[in-house]
Amino acid sequence: MTDGGWEFRLLGPVEVWRGGGRVTLARRAQRCLLGLLLLEAGRVVPVSRLLELLWDDDPPAHARGVLHSHVARLRGALDPDRTGSRGFRLLLRGDGYVAETDVAAVDVHRFRDLVARARLAGPGGRARLLRDALAHWRGPLLADSATDRVRDRLGVGLEELRLSAVESCVEAELECGRHRDLLPELADLVRQHPLRERLIRAYMLALYRDGRRPDALAAYRRARGDFARELGLEPTSDLGEVHDRMVHADRSLDLPLPGPRRPAGQAVAWW
């Protein structure tokens with residue numbers, strides 16, 4: 001829990017928690033406004049940008065007054081006693097507003113930080129950090145508050161970062177020898193994302209290491225069919241090479257024996 005007991009959840013429906021209790025923000029516009037400010041926590045967001053985003057580039061003539069009204073109501077909801085809420089303040093600075101709070105109180109910032117830290121960790125630590133990061137993901141950014149168009153503008157690269165984190169996580173867990181535990185999850189992930197080669201490769205390797213080489217080869221054939229049908233292409237040569245090495249039972253695909261600890265941040269050649 002951060003200073004003042006605040007927790008702001010923007011990945012999925014917008015939620016505010018304080019001291020273990022949920023703070024109700026009934027109006028969509030107020031939830032969206034809070035999300036816009038928290039995405040830039042500690043930095044001033046100009047009124048002009050807030051108007052553009054809240055009204056999807058088409059603010060009415062009276063939009064500035066409505067914005068100030070939303071700010072006042074938001075302050076009332078988050079600090080009803082006007083005590084200068086410890087750990088969170090919503091301030092006017094010049095011709096803009098700033099949400100002052102610990103960025104660790106905002107799930108999207110915690111998510112990005114954990115993913116960044118995971119890149120410097122060994123396989124076990126990387127898997128733990130990425131699992132912690134992915135636990136914050138409850139759905140699309142500002143899911144109940146922003147339009148799809150605004151969400152796309154605000155969350156550029158966020159969904160790809162999530163998928164990349166998923167891929168890095170399962171790769172790290174494979175490196176730790178957890179292939180059997182991962183099989184149900186990987187089967188679901190490949191069904192959801194049939195063109196993500198890193199997931200296909202991880203699934204093939206998990207099957208192979210579990211003694212299910214025919215199933216691993218069948219997974220590659222399904223992937224070839226999906227690529228041909230959806231893209232008119234073959235999978236990359238990297239995935240084809242893994243398939244060929246499985247056909248020939250290449251021992252380098254087996255789970256590596258424990259060895260000297262790999263320095264943090266060193267690249268992993270897991271296949």
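Each value, and the rule that gives it
- Residues numbered from 1 in each chain as written.
- Predicted model: local features only at pLDDT ≥ 70, side-chain atom pairs only at ≥ 80, totals over all residues.
- Heavy atoms only, no water.
- Helix = DSSP H or I, 4+ residues; strand = E, 2+ residues; numbered from the N terminus.
- Buried < 20%, exposed > 50% of the residue type's maximum accessible area, 1.4 Å probe, protein only.
- Contact = heavy atoms within 4.5 Å.
- Pairing = 2+ DSSP bridges.
- Axes fitted to C-alpha atoms, helices over the stretch in contact; angles between N-to-C directions.
- Phe/Tyr/Trp six-rings, centres within 6.5 Å; stacked < 30°, edge-to-face > 60°.
- Expected span 1.5 Å × (residues − 1).
- Parallel < 35°, antiparallel > 145°, perpendicular 65-115°, else oblique.
- Left-handed = near helix turned anticlockwise from the far one by under 90°.
- Nonpolar A, V, L, I, M, F, W, Y, C, P; charged D, E, K, R; others polar.
- Salt bridge = Lys/Arg side-chain N within 4 Å of Asp/Glu carboxyl O.

*Asks:* How should I be thinking about the side chain of Arg-31 in this particular structure?
*Replies:* Residue placement: Arg-31 occurs in helix α1 (residues 28-39). Judged by relative accessible area, Arg-31 falls into the buried class, the value being 12%. Sequence-distant contacts of Arg-31, defined by excluding residues within four places in its chain, comprise Val-14, Leu-25, Ala-26, Asp-144 and Ser-145.

*Asks:* Help me out: how do you make sense of the sheet that holds strand β6 (residues 96-101) in this one?
*Replies:* Sheet strands pair via backbone hydrogen bonds, and the direction of the pair is either parallel or antiparallel. Here three strands make up an open sheet; going across it, the order is β4-β6-β5 and the pairing antiparallel. Taken across any chain shown, the strands that pair with only one partner, and hence form the sheet edges, are β4 (45-46) and β5 (88-93). In this sheet, β6 lies alongside β5 in antiparallel orientation, the contact comprising six bridges. Its bridge partner lying in β6, Arg-89 is registered against Glu-100. Running at roughly 75 degrees to β6, α1 makes contact with β4, β5 and β6 of the sheet.

*Asks:* Even after reading the chapter, I still don't get the packing of aromatic side chains, so can you show me in this structure?
*Replies:* We describe a pair of aromatic rings using the distance from one ring centre to the other and the angle between the two ring planes. The full count for this structure, using the stated rule, is four aromatic pairs. Both rings, one in Trp-6 and one in Phe-8, keep their centres 5.4 Å apart while their planes meet at 5 degrees; by these two values the pair is stacked. Note on accessibility: Trp-6 and Phe-8 belong to one class, buried. Here Phe-8 and Phe-88 contribute two aromatic rings whose centre-to-centre distance is 5.3 Å and whose plane-to-plane angle is 45 degrees, an arrangement assigned as tilted. Residue Phe-8 is found in strand β1 (residues 6-9), and its partner Phe-88 is found in strand β5; the two are separated by 80 residues along the sequence. Among the residues examined, Phe-88 registers a relative accessible area of 5% and is labelled buried.

*Asks:* I would appreciate a short explanation of helix α5 (residues 123-135) in the present structure.
*Replies:* A turn of α-helix holds 3.6 residues, and therefore any two residues three or four places apart point the same way. Here α5 is 13 residues long and its end C-alpha atoms lie 18 Å apart, about the 18 Å a rise of 1.5 Å per residue gives. For α5, the full list of buried residues reads Pro-123, Gly-124, Gly-125, Arg-126, Ala-127, Leu-129, Leu-130, Ala-133 and Leu-134. The inward-facing, buried residues of α5 abut α4 (107-118) and α7 (158-175).

*Asks:* Where do I start with the packing of α7 against helix α9 (residues 197-209) in this structure?
*Replies:* Between α7 and α9, the least distance of the axes is 10 Å, while the angle of their chain directions is 20 degrees. Accordingly, the angle class assigned to the pair α7 and α9 is roughly parallel. The chirality of how α7 crosses α9 is left-handed. The residues of α9 that touch α7, namely those facing Ser-164, Val-166, Glu-167, Ser-168, Val-170, Glu-171 and Leu-174, are Arg-198, Leu-199, Ala-202, Leu-205, Ala-206 and Arg-209. Per-class residue counts for the contact of α7 with α9 are seven nonpolar, two polar and four charged.

*Asks:* Help me out: how do you make sense of unusual backbone geometry in this one?
*Replies:* A negative phi angle characterises most non-glycine residues, just as the trans form characterises most peptide bonds. In the Ramachandran plot, Asp-56 falls in the positive-phi region, its phi being about 55 degrees despite a non-glycine side chain. Within the secondary structure, Asp-56 sits in the loop between α2 (47-54) and α3 (63-78). Residue Leu-142 is not a glycine yet carries a positive backbone phi of 50 degrees. Along the polypeptide, Leu-142 turns up in the loop between α5 and α6 (148-154).

*Asks:* Would you mind going over the pattern of salt bridges with me for this structure?
*Replies:* Two side chains of opposite charge can pair, provided their charged atoms sit close to one another. In total, this model carries 32 salt bridges according to the counting rule given. A salt bridge links Asp-56 to Arg-149; the shortest N-O distance between them is 2.7 Å. Within this pair, whereas Asp-56 is found in the loop between α2 and α3, its partner Arg-149 is found in helix α6, the two being separated by 93 residues in sequence. Looking at Arg-149, the relative accessible area reads 46%, which means it is partly exposed. As a salt-bridge pair, Glu-100 and Arg-89 come within 2.7 Å of each other at their nearest N and O atoms. Placement of the pair is Glu-100 in strand β6 and Arg-89 in strand β5, with a sequence separation of 11 residues. According to the relative accessible area criterion, Arg-89 is partly exposed, its value standing at 41%. Within this structure, Glu-7, Arg-9, Glu-15, Arg-22, Arg-110 and Arg-138 form a network of salt bridges that share partners.

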